[in-house]
Amino acid sequence: QVQLVESGGGLVQAGGSLRLSCQASGRTFSSYDMAWFRQAPGKEREFVAAIGWSGGTTEYVDSVKGRFTISRDNAKNTVYLQMNSLKFEDTAVYYCAAKIRGPWIGRQQARPASYAYWGQGTQVTVSS
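A few points on the structure. Keep in mind that this is a model prediction, so the values were computed, not measured.

What follows concerns the state of the cysteines. For the structure on display, the rule yields 1 disulfide. Paired by a disulfide, Cys22 and Cys96 hold their sulfur atoms 2.1 Å apart. An S-S torsion of about -80 degrees defines the bridge between Cys22 and Cys96 as left-handed. One end of the pair, Cys22, is in strand S3 (residues 18-26); the other, Cys96, is in strand S9 (residues 92-100), and 74 residues separate them in sequence. The class for Cys22 is buried, based on a relative accessible area of 0%.

Our next topic: the nonpolar core. Met34, Trp36, Val79, Leu81, Met83 and Tyr94 are the most contacted members of the largest nonpolar core, which has 29 residues in total. For this core, the elements supplying multiple residues, two or more each, are strand S1 (2-7), S3, strand S4 (32-39), strand S5 (46-51), strand S7 (68-73), strand S8 (78-83), S9 and strand S11 (122-127). Dropping the residues within four chain positions of it, Val79 is found in contact with Leu20, Ser21, Cys22, Phe29, Met34, Trp36, Ile51, Ile70, Ser71, Arg72 and Cys96. By size, the runner-up hydrophobic cluster in this structure holds 6 residues, among which are Ala35, Ala50, Ala97 and Tyr115.

What counts as what
Residues numbered from 1 in each chain as written. Predicted model: local features only at pLDDT ≥ 70, side-chain atom pairs only at ≥ 80, totals over all residues. Heavy atoms only, no water. Disulfide = S-S within 2.5 Å. Helix = DSSP H or I, 4+ residues; strand = E, 2+ residues; numbered from the N terminus. Buried < 20%, exposed > 50% of the residue type's maximum accessible area, 1.4 Å probe, protein only. Core = buried A, V, L, I, M, F, W, Y, C linked by side-chain atoms within 4.5 Å. Contact = heavy atoms within 4.5 Å.

Here is the structure:
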């Protein structure tokens, strides 16, 4: 089992940047594929980005490609989401998620039901 704690959210103007962090504790961090999801008020939880256990494979939703970068540091048990050129529509609660590592199938990486472990979320608010 793994516990996840997000940090780094806040209020930023459109065009600005934020870096989210997700600290994991418990079972060996490299045993997990990791992902970021987000949920805006009144909307379903949406996939943002995923990264494989070694960091060598990543996946992004089209709306953040070229602006967001997911990375991980297995020595620090941490996954990051660097968010640049933020837009008003990026406003949401951002959640870190983990699943036991396995074959990389794009559709499965993007499904919330694929992930057994979740953090509490961190709020990102982008002012226009």
